[in-house]
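What follows is the residue order along each chain.
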Amino acid sequence: MEEDYVSTAANKPSDGTGKFLGGGQITANEEAESLNETKKNSSGHKLKEEVTCKDNSNYKTGLHHYHQDQRRMSLTSIVAVESPTSSSDAPIRRTIDLGHGSDLIYIQRFLPFQQSWTFCDYLDNHIPWTRPTIRVFGRSCLQPRDTCYVASSGLTALVYSGYQPNAYSWDEFPPLKEILDAIYKALPGSRFNSLLLNRYKGASDYVSWHADDEKIYGPTPEIASVSFGCERDFVLKKKKHEESSGENTTGDGGPALKRLKKSSRENHQQSLTLKHGSLLVMRGYTQRDWIHSVPKRAKAEGTRINLTFRLVL
Ligand SMILES: O=C(O)CCC(=O)C(=O)O
Ligand SMILES: [Fe+2]
């Protein structure tokens, strides 16, 4: 599927390695271009909150809210700051109520900055990345990002877009267990037994609109997503009602998604910039009622690594 967004991502502060840099600010025009189906309506209205980081660089948390059929921006969700920052490097935790039983948690600086770079380098160099051929609208094409899958033994296999990844063992990559332990501390009571890893090697790598609504995850999956490296935008939009109740929209396209494009003017969008070392949690009916994507961003030149922890039932 080609719902290509062309826009930019924000800089990460200098880490001394200069390795995963991507840069630039999103302009109103680029943003309007980036919203393919809603060019006329979304003229770059968005909200960004600014915080100051450890290195005193002025940073944006990147929480944006779009309301597509209005000229002026309006908030479409309740954003609750649960633990306002007391020191500049403290995690900032927000819950975002998408309504109707769907919600997100976003924790900026979930992992310490330098440790996140250590994880990022480890993953970049030790994960057996592959770029598989997948089926999109009945055609074979190269997946527009690298991937790898780690899962506990004995689970039902993951299959998406006609592709069944090999399941590697957690034991092969000890740092993944450290990251999982940190997630368990942040999300008491949660459990995850599988992990899909994605590596975006530059501006033209992306993940197109989809929901992680495979049956193996059950009706209300909790998905914990940790990001490293170059910041990228993560965009959600509401499914049309008929897509919310049954049809599988997982993967990189399908008939349901074609219909969805036509009707998306009425849909709200939510967009977050996923920072280096951040944690995003999707919960409740988010996979049933919403689709999400990481669009292309022309100036997001650096490598980004994303880990999505899931529970196969
Ligand atoms: O890279 C991301 O932030 C999201 C990846 C994703 O949606 C997925 O793996 O299903
Ligand atoms: Fe996903």
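Above this text you will find the structure in question.
In this report, the structure presented in the accompanying data block is examined. (Residues numbered from 1 in each chain as written. Chains lettered and ligands numbered in written order. Predicted model: local features only at pLDDT ≥ 70, side-chain atom pairs only at ≥ 80, totals over all residues. Heavy atoms only, no water.)

1. Quick look at the site of ligand 1
Here is the rule we go by: Here a residue is considered near a molecule or strand provided that any single heavy atom belonging to it is located within 4 Å of it. Whenever two N or O atoms come within 3.5 Å, that pair is a polar contact, provided that in protein one can donate a hydrogen and the other can accept it, and provided that, for residues adjacent in sequence, both atoms are side-chain atoms. The Shrake-Rupley method, run with a 1.4 Å probe sphere, supplies the accessible areas, and residue values consider only the shown protein chains as cover. Strands here are runs of E lasting at least two residues and helices are runs of H or I lasting at least four, both read from the DSSP assignment and numbered beginning at the N terminus. Residue classes follow a fixed rule: Ala, Val, Leu, Ile, Met, Phe, Trp, Tyr, Cys and Pro count as nonpolar, while Asp, Glu, Lys and Arg count as charged, and any other residue, Gly among them, counts as polar.
Among the 13 residues in the neighbourhood of ligand 1, the closest are listed as Asn198, Tyr200, His210, Arg304 and Arg310. Here an oxygen atom of ligand 1 and a side-chain polar atom of asparagine 306 are 3.3 Å apart. At 3.0 Å, a side-chain N or O of arginine 310 approaches an oxygen atom of ligand 1. Out of a free accessible area of 300 Å², ligand 1 has 97% covered by protein chains. Secondary structure elements with two or more residues in the shell around ligand 1: β11 (194–200), β17 (290–294) and β18 (304–310). Here the shell around ligand 1 gets 4 residues from one element, more than from any other, and that element is β18. For the shell around ligand 1, a count of residues per class yields 5 nonpolar, 5 polar and 3 charged.

2. Description of the coordination of the iron ion (ligand 2)
Note the threshold: Donors, by definition, are the N, O and S atoms found within 2.8 Å of a metal, the threshold being 3.2 Å for Na, K and Ca, and water is not counted, so a site can look incomplete. Only protein chains enter the area calculation, which uses a 1.4 Å probe; residues under 20% of their type maximum are buried, those over 50% are exposed, and those in between are partly exposed.
In this structure, His210 (NE2), Asp212 (OD) and His292 (NE2) serve as the protein donors to the iron ion (ligand 2), at separations of 2.1 to 2.2 Å. Mapped onto the sequence, the donors of the iron ion (ligand 2) take the spacing H-x1-D-x79-H. Taken as a pair, histidine 210 and aspartate 212 share a single burial class, namely buried.

3. Focus: the side chain of arginine 310
Just so we agree on the cut-off: It only takes one pair of heavy atoms within 4.5 Å for two residues to be counted as in contact.
Positionally, arginine 310 belongs in strand β18. Of note is the side chain of arginine 310, whose polar atom sits 3.0 Å from the side chain of threonine 308. When residues no more than four places from it in sequence are discounted, the contact partners of arginine 310 are Phe192, Asn193, Ser194, Leu196, Asp212, Tyr217, Glu222 and Ile223.

4. Re unusual backbone geometry
Trans peptide bonds make up most of the peptide bonds, and negative phi angles are found at most residues other than glycine. One non-glycine residue, histidine 100, lies in the positive phi region at around 55°. Mapped onto the secondary structure, histidine 100 falls in the loop between β5 (92–99) and β6 (102–108). On the accessibility criterion, histidine 100 (65% relative accessible area) is exposed. Backbone geometry places arginine 109, a non-glycine residue, at a positive phi of 55°. With respect to the helices and strands, arginine 109 occurs in the loop between β6 and α2 (113–126). When its relative accessible area of 15% is taken as the criterion, arginine 109 is described as buried.

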